[in-house]
Amino acid sequence: MSDGAGTDGCALCGGELSGERLEAGGRHFCCPGCREVHVTLGERDDGLAEAPTSETDSEPSADTGGKHPGDDSGAEDAGDGEGEGDSGAERTFLRVDGMHSATCEAFLEQVATDHEGVLGAEASYVTETIRVTHDPGTVTESDLADALTGAGYTAYPREEELVETDPRRSAAGAQRNPSPHQERGLGDMLGYRYAAGVLFGTFLLLPYVVLLYPTHLAALVDWPILDIYSDTVTFDQRGGYGALRLFALVSGIVLVFTGLPLLRGAYVSLKTRRPDTNLLVATTVIAAYVYSIVAGVAGRTDVLFDLTVVVAAVVVAAVFYESLSKQRAMDRLTELTVAQVDEATVVHPEGPTRAVPVEEVEAGDRVLVREGERAPVDGVLAEGSCTVDESVVTGESLPVFKQAGDEIVGGSVVLDGAALLDASEGAESSVDRLVTSVWELQSATHGVQRRANRLTARVLPAVAVLAVLAAGAAYVLAGPTAALLAFLATFVVACPWGLGLAGPLSVATSIEEALERGIVVFDETVFERLRAVDVVVFDKTGTLTTGEMHVVDADVPEDAFAAAARLEQRVSHPVAEAIVSASGGQARADGGVTDERDEQAEESGADKSAVESFESYPDGVGGVVEGAEVLVGHPDRFDSEGWAVSEDLSARVERARGFGRLPVLVGRDGRAEGVVVVGDEPRAGWDEAVAGLHDRGVDVVVLTGDDEAATDYFRDHPGVTHVFAGVPPAGKTETIRRLQSEGAVTMVGDGTNDAPALAAADLGISLGSGTAIASDAADLVIVEDDLAAVARAVDLARAAGRRLAWNSRFALIYNGVAIPLALVGLLNPLLVMGAVAASGGLIGANSARDLLE
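Procedures and definitions
- Residues numbered from 1 in each chain as written.
- Predicted model: local features only at pLDDT ≥ 70, side-chain atom pairs only at ≥ 80, totals over all residues.
- Heavy atoms only, no water.
- Helix = DSSP H or I, 4+ residues; strand = E, 2+ residues; numbered from the N terminus.
- Buried < 20%, exposed > 50% of the residue type's maximum accessible area, 1.4 Å probe, protein only.
- Contact = heavy atoms within 4.5 Å.
- Areas by Shrake-Rupley, 256 points an atom, 1.4 Å probe, with all protein chains shown as cover.
- Pairing = 2+ DSSP bridges.
- Axes fitted to C-alpha atoms, helices over the stretch in contact; angles between N-to-C directions.
- pLDDT = per-residue confidence, 0-100.
- Phe/Tyr/Trp six-rings, centres within 6.5 Å; stacked < 30°, edge-to-face > 60°.
- Lys NZ or Arg CZ within 6 Å of the ring centre and 35° of its normal.
- Disulfide = S-S within 2.5 Å.
- Lys, Arg positive; Asp, Glu negative; His and termini not counted.
- Salt bridge = Lys/Arg side-chain N within 4 Å of Asp/Glu carboxyl O.
- Polar contact = N/O pair within 3.5 Å; in protein donor to acceptor, adjacent residues only side chain to side chain.
- Patch = residues over 30% accessible without salt bridge, like charges linked within 9 Å, V, L, I, M, F, W, Y side chains within 5 Å.
- Parallel < 35°, antiparallel > 145°, perpendicular 65-115°, else oblique.
- Nonpolar A, V, L, I, M, F, W, Y, C, P; charged D, E, K, R; others polar.
- Left-handed = near helix turned anticlockwise from the far one by under 90°.
- Core = buried A, V, L, I, M, F, W, Y, C linked by side-chain atoms within 4.5 Å.
- Expected span 1.5 Å × (residues − 1).

A.B. asks: Report on the overall build of the protein, specifying residues and quantitative values.
C.D. replies: Scanning the protein from N- to C-terminus turns up 29 helices and 30 strands. By residue count, 56% of the 853 residues in the protein fall in the buried class. Nonlocal contacts in the protein, meaning residues at least 24 apart in sequence, comprise 68% of its contacts between residues at least 6 apart. In the form shown here, the protein has an accessible surface area of approximately 33,700 Å², with 52% of it arising from carbon and sulfur atoms.

Given below as structure tokens:
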């Protein structure tokens, strides 16, 4: 939502204004949280770009409209339901496997917009997403996927990414894995190409080692053992052009088959006029190949087929290693929760109840949501009452009691009792809207050109000019053949192809080391963006806290607490579950009624047979246990039942509320005897994690949908700069945007309600226990929910930057050796391969070092 949503909506998030109009600076807000954000951070400066990173210098790639990661103006401008201002247009979101640079973005956007019926396209290699605005009557989603598939890319609808496995809850396990296309394409084909390069390369290099290298060595040193190679020979003397044809055939197979990914990347970069490292490598190997043929035909032995084979195979091997590292990272994340629901149970006034696809639900349809299931769409509770968990959407950790006429948001879980909903206008889930918001933001998150790619754009024209000058001089001095060889040799020695090896190898080893430390990285630009972080924003519920209800204090007589547990054993509710668990029972994992309740009662000692009568209230339970009348519940329940509550207990209740926890009174025979405090506890080590970031010069902000009282213990931490409470999901996204005016922002969250903010941030970090939507919106996932890993990730990113810088320097060693050799006329396979070995060996050795040694 853009700043200043107008008088009809909240000035921060655009949400509907409440009856009590909250105002600040002439603006109106839907809640105190949105108002606090506005007052603290001020207006958003849309013209301020993100802070530059060390690798990108904040230079946007061409044709991206000057956008950077985190700049989501494209998502805003797209509007809702229409694209490019054309009535009837639709927006389709596709995942495209194979995107790895800003060049890919431009190429795919060009392919999409060239298709009939497409009104606009916006791609992001950071999130491998393209948003296409099109006329559905002219071009369909399937047509778009087919058009964008090819040249090494595979496009498919984003809806295919998440696969649900539990039809009852529609919220069970799902995996964030690449599509079958990606697994097959990256895993098998790159492996085959690499294997072919090794096989044919070995076959080619044997005669080099046995014959050509000793010949060139004999020309440099006077060793008796090399006397048999001392005479200058030509290919013609060694069997005519048969050997030359064989060398050309074998190296040509490696060049075309093994090096195809490089050639394809070079083609894309030329087509989009954005030179990248693929073009550097491809130029080098093609120039070496053609040089070798010309030199062999001219009767010379300084053929560089070995350079073509080795460089192509080694760089593709690095790309293969990088793809395997990413695959391992993807495979590490399994059984993540997904909160989208595919089907809805519609109750018809006349006729049977039936399950229908969610998209077929219409406004006014009555939808049945059973206990433990998620509401498939937003709606109004038609009758009765129930308790729901809305944390997936709102971030609020405590369950909410609903009565007839109350609104229930799609994606929330019915915890106690069944719910009959009348579907709201539009029959859409709040979770679905959050997912669409995430995709909008992701498709507008453009990648930025790496320093190596920008260097390519400067170096290649200079090399081309030098090649022309060298060819001209050679033509004047020695004729056309010498001119052609000089032209090709210039590209062979001056193109810094090593940068094409340094990048993938640095990324792959950094991803592997992060994985060993429980940090899963999905995107190679993560390390660049994390190095530049200025602010880390933490969600509270489920991130800084465990996200689960626990008894944190119980000042109740033991026998009264046991009686309370016996009553709570009969209901399904997170608070009841916490009390039963604290009494020694096992908490039910899904919050629903299970068939093992009697067994749990026996294990906990909460014998239900001692309950002589039982009654459930909206805010508590009551009954007779072992002859005593027992009441357990909210203080208001005690007031309504006329039970006595001492001033001391009332004071303890108020103190518990001040910490954002839920106080539950326990009483017998008309008098409250104690209080049980239930709450969402901070994660172990959260304060050390915050302090670690603060020590690294990073500001920390806490952002939550919970009320202000639930955040008091975070406000007092010296490492926390701001705490914003009671902020809705759209308000979280706008908060991220305003913080980006102060620098690069990283968001850490775990819930579906955090997903838009994770996508809007310059870098998103999700916990491994988070929802699939949150993980999909994030760039990095902490597997073990260890908050200290955030600071470790910053350290890894900074160390990865140092590794990449050194690898880039080592990559230029080849040119530093080859160029002088060419100038003095000593360009031969032996010395050239020595330079290749020195450069590649140093890159490999540096990549193998532990980052944090």
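Next comes the rest of the description.
A.B. asks: Explain the sheet that holds strand S4 (residues 118-124) residue by residue, including any values.
C.D. replies: In space, the 4 strands of this open sheet follow the order S4-S5-S3-S6, with antiparallel pairing throughout. Edge positions in the sheet fall to S4 and strand S6 (154-157), since each has one partner strand and no second. The sheet shows a mean angle of 30° between the axes of neighbouring strands, taken without regard to direction. Where strand S3 (residues 90-97) and S6 come together, 4 bridges link them in antiparallel fashion. Bridge pairing links arginine 95 to tyrosine 156 in S6. Helix-sheet contacts for helix H3 (residues 102-113) involve S3, S4 and strand S5 (129-134), and the interaxial angle to S4 is about 165°.

A.B. asks: So, the sheet that holds strand S9 (residues 343-347): which residues are in play, and what are the values?
C.D. replies: Ordered by their spatial adjacency, 6 strands build an open sheet running S10-S9-S11-S17-S12-S15, and the pairing between neighbours is antiparallel. Of all strands in the sheet, those with a lone pairing partner are strand S10 (354-357) and strand S15 (407-408), marking the two edges. Sheet analysis places S9 next to strand S11 (residues 366-369), joined by 3 bridges and oriented antiparallel. By the bridge assignment for S11, valine 347 is matched with arginine 366.

A.B. asks: Tell me what's going on with the confidence of the model for the protein, and back it up with residues and numbers.
C.D. replies: A residue-level look at the protein finds 76% of positions with pLDDT of 70 or above and a mean pLDDT of 77. Low pLDDT (under 50) marks residues 1-6, which in the prediction has 23 contacts with non-local residues, meaning those over four places away or in another chain. The low-confidence segment residues 585-606, where pLDDT is below 50, has 44 contacts with residues more than four positions distant or belonging to other chains.

A.B. asks: Report on the packing of aromatic side chains, specifying residues and quantitative values.
C.D. replies: Working definition: an aromatic ring pair is given by the centre-to-centre distance plus the angle between the planes. One pass over the structure, following the stated rule, counts 10 aromatic pairs. Arranged with centres 5.8 Å apart and planes meeting at 85°, the rings of phenylalanine 638 and tryptophan 643 form a pair that is edge-to-face. Like tryptophan 643, phenylalanine 638 is buried. Measuring from ring centre to ring centre gives 5.7 Å for tryptophan 806 and phenylalanine 810, while their planes differ by 35°; the resulting arrangement is tilted. Residue tryptophan 806 and its partner phenylalanine 810 are located together in helix H27 (residues 788-811), separated by 4 residues, close to a single helical turn. The rings of Tyr208, Tyr213, Phe247, Tyr289 and Phe305 are connected pair by pair, giving a single aromatic cluster. In this arrangement the basic side chain of arginine 809 is found over the ring face of tryptophan 806, its NZ or CZ atom lying 4.7 Å from the centre.

A.B. asks: Give me the lowdown on the pairing of strand S24 (residues 662-668), citing residues and values where you can.
C.D. replies: With 6 of its 7 residues buried, S24 lies for the most part within the structure. With 4 bridges joining them, strand S23 (residues 628-633) and S24 adopt antiparallel strand pairing. Residue valine 630 lies in a different strand from S24, and its bridge partner there is arginine 668. Of the pairings in the sheet, the one linking S24 to strand S25 (residues 671-682) comprises 7 bridges and is antiparallel in character.

A.B. asks: Help me get a handle on the state of the cysteines, residues and values and all.
C.D. replies: Overall, the coordinates contain 0 disulfides when judged by the stated rule. Among the cysteines around cysteine 31, which has no disulfide bond, cysteine 34 carries the closest sulfur, lying 3.5 Å off. For cysteine 31, a relative accessible area of 12% puts it in the buried group.

A.B. asks: Which residues make up the side chain of glutamate 109, and what values go with them?
C.D. replies: With respect to the element layout, glutamate 109 can be found in helix H3. The side chain of glutamate 109 sits in the buried core without any salt bridge; arginine 274 is the nearest counter-charge, 6.0 Å away. Among the polar contacts listed, one links the side chain of glutamate 109 to the backbone nitrogen of alanine 123, at a separation of 2.9 Å.

A.B. asks: Pulling in residues and values, what's your account of unusual backbone geometry?
C.D. replies: The phi angle of most residues is negative, glycine excepted, and most peptide bonds adopt the trans form. With phi around 60°, arginine 273 is a residue other than glycine that occupies positive phi space. The class of arginine 273 is exposed, set by a relative accessible area of 76%.

A.B. asks: An account of a nonpolar patch on the surface is needed here, citing residue identities and associated values.
C.D. replies: Together, Phe203, Leu246, Leu249, Ile253 and Phe257 line one region of the surface with nonpolar side chains, adding up to about 440 Å² of accessible area. Along the chain, the position of leucine 249 falls in helix H6 (residues 242-258).

A.B. asks: Go over the packing of H6 against helix H7 (residues 260-271) with me, naming the residues and quoting the values.
C.D. replies: Their axes nearest at 5 Å, the elements H6 and H7 cross at an angle of 60°. The pairing of H6 with H7 is recorded here as oblique in orientation. Two secondary-structure elements touch here, H6 through Leu255, Val256, Phe257 and Thr258 and H7 through Leu260, Pro261 and Leu263. Grouping the constituent residues of the contact of H6 with H7 by class yields 6 nonpolar, 1 polar and no charged.

A.B. asks: Explain the packing of helix H28 (residues 813-823) against helix H29 (residues 829-848) to me, and be specific about the residues and the numbers.
C.D. replies: Viewed as axis vectors pointing N to C, H28 and H29 meet at an angle of 165°, and their least axial separation amounts to 8 Å. Put simply, H28 runs roughly antiparallel to H29. Considering how the two elements wind past one another, H28 and H29 form a crossing that is right-handed. Side by side, H28 and H29 meet where Ile813, Tyr814, Val817 and Leu821 of the first sit next to Leu831, Val832, Ala835, Val836, Ala838, Ser839 and Leu842 of the second. Counted by class, the contact of H28 with H29 contains 10 nonpolar, 1 polar and no charged residues.

A.B. asks: Which residues make up the pattern of salt bridges, and what values go with them?
C.D. replies: Applying the stated criterion across every chain yields a total of 18 salt bridges. As a salt-bridge pair, arginine 366 and aspartate 422 come within 2.9 Å of each other at their nearest N and O atoms. Placement of arginine 366 in strand S11 and of aspartate 422 in strand S17 (residues 419-423) is noted, with a sequence separation of 56 residues between them. Among the residues examined, arginine 366 registers a relative accessible area of 30% and is labelled partly exposed. In this structure, the salt-bridge partner of aspartate 555 is arginine 652, at a minimum N-O distance of 1.8 Å. On the criterion of sequence distance, the pair formed by aspartate 555 in strand S20 (residues 545-555) and arginine 652 in helix H21 (residues 647-658) is long-range, its members being 97 residues apart. The class of aspartate 555 is partly exposed, set by a relative accessible area of 40%. Note on arginine 652: relative accessible area 18%, which makes it buried.

A.B. asks: Can you break down the nonpolar core residue by residue, with the values?
C.D. replies: In terms of nonpolar packing, the biggest core is built from 61 residues, with Tyr208, Tyr291, Phe305, Leu307, Val492, Trp497 and Tyr814 touching the most fellow members. If you tally residues by element for this core, the top one is helix H8 (residues 277-297), at 11 residues. Setting aside its immediate chain neighbours within four residues, tyrosine 291 contacts Arg300, Asp302, Leu304, Leu485, Leu488, Ala489 and Leu827.

A.B. asks: Any details on helix H13 (residues 480-494)? Residues and values, ideally.
C.D. replies: Given a rise of 1.5 Å per residue, 15 residues ought to cover 21 Å, and the 21 Å separating the end C-alpha atoms of H13 matches this to within 8%. Buried residues of H13: Ala483, Leu485, Ala486, Leu488, Ala489, Thr490, Phe491, Val492, Val493 and Ala494, and no others.

A.B. asks: Got a sec to walk through H7? Specific residues and values, please.
C.D. replies: Taking 1.5 Å per residue, 12 residues should reach 16 Å; H7 reaches 16 Å between its end C-alpha atoms and fits that length. Just beyond H7, the residue with positive phi is arginine 273, at close to 60°.

A.B. asks: If you had to explain the pairing of S11 to someone new, which residues and values would you point to?
C.D. replies: Both S11 and S17 contribute to a ladder of 4 bridges, which runs antiparallel. Following the sheet pairing, valine 367 is matched in S17 by leucine 421.

A.B. asks: Account for the environment of valine 459, with residues named and values stated.
C.D. replies: Within the element layout of this structure, valine 459 appears in helix H12 (residues 451-478). When its relative accessible area of 19% is taken as the criterion, valine 459 is described as buried. In sequence terms valine 459 and leucine 280 are 179 residues apart; their C-alpha atoms lie 9.1 Å from each other.

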